[in-house]
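As a plain string of letters, each chain reads:
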Amino acid sequence: MPHEYYCRSCNAVSPKRHERRSDAEDDGVEHRRTAHGGLAPDAGDGVRAVHTQARGDGILPSGWIWAVLFFLALVLANCWGR
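This one's a predicted model, so the numbers in the text were calculated from it and none came from an experiment.

Moving on: the overall build of the protein chain. Of the regular secondary structure elements, the protein chain holds two helices and three strands. Reading the protein chain from its N end, one meets helices and strands in the order β-β-α-β-α. By residue count, 24% of the 82 residues in the protein chain fall in the buried class. For the protein chain, the proportion of contacts with a sequence separation of at least 24, taken over those separated by at least 6, is 50%. Within the structure as shown, the protein chain displays about 6,300 Å² of accessible surface, and the carbon and sulfur contribution to it stands at 57%.

Right under this line is the structure:
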């Protein structure tokens, strides 16, 4: 799961998402050094895990919708069998 650094004080976010948490923490150290003089921002900052979309572009439905459609198909197939 990708990670990114965020700063609540100036609404800054890592320029790119990192696979390793330590790389995102390095972005935080760099941001603190350049934007806040090496100090932690008053509003806080940190590293968070970022969830990616289920299908990449958001056009296709995600997994739970497919499960509902499959269940509906089973119910209808059972009705037609009688």
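Read on, since the account is not over.
One non-glycine residue, Asn11, adopts positive backbone phi at about 60 degrees. With respect to the helices and strands, the residue Asn11 is situated in the loop between strand S1 (3-7) and strand S2 (12-13).

Taken as a whole and judged by the stated rule, the model has six salt bridges. In this structure, Glu4 and Arg17 form a salt bridge, with 3.9 Å as the shortest nitrogen-oxygen distance. In this pair, Glu4 is assigned in strand S1 and Arg17 in the loop between S2 and helix H1 (21-35), connecting sequence segments 13 residues apart. Since its relative accessible area comes to 11%, Glu4 is described here as buried. A salt bridge links Arg48 to Glu4; the shortest N-O distance between them is 3.1 Å.

On to a nonpolar patch on the surface. There is a patch of nonpolar side chains on the surface, built from Trp66, Leu69, Leu72, Leu76 and Trp80 and spanning about 570 Å² of accessible area. Residue classification places Leu69 among the partly exposed residues on the basis of a relative accessible area of 43%.

Okay, the pairing of S1 next. Burial runs high along S1: five of the five residues are buried. Two strands pair when backbone bridges link them, and S1 and strand S3 (residues 45-49) are joined in this way by five bridges, in the antiparallel orientation. The partner of His3 across the bridge, within S3, is Ala49. Relative to S2, S1 is paired through two bridges, and the arrangement is antiparallel. Bridge pairing links Tyr6 to Val13 in S2. The turn joining S1 and S2, which pair antiparallel and follow one another in sequence, is formed by four residues; a positive phi near 60 degrees is taken by Asn11.

To continue, consider the sheet that holds S2. The antiparallel open sheet is built from three strands, whose spatial order is S2-S1-S3. In this open sheet, the two strands that pair with only one neighbour each are S2 and S3. Running over the sheet, H1 touches S1, S2 and S3 and is turned about 25 degrees from S1.

About the thresholds
Residues numbered from 1 in each chain as written. Predicted model: local features only at pLDDT ≥ 70, side-chain atom pairs only at ≥ 80, totals over all residues. Heavy atoms only, no water. Helix = DSSP H or I, 4+ residues; strand = E, 2+ residues; numbered from the N terminus. Buried < 20%, exposed > 50% of the residue type's maximum accessible area, 1.4 Å probe, protein only. Contact = heavy atoms within 4.5 Å. Areas by Shrake-Rupley, 256 points an atom, 1.4 Å probe, with all protein chains shown as cover. Salt bridge = Lys/Arg side-chain N within 4 Å of Asp/Glu carboxyl O. Patch = residues over 30% accessible without salt bridge, like charges linked within 9 Å, V, L, I, M, F, W, Y side chains within 5 Å. Pairing = 2+ DSSP bridges. Axes fitted to C-alpha atoms, helices over the stretch in contact; angles between N-to-C directions.

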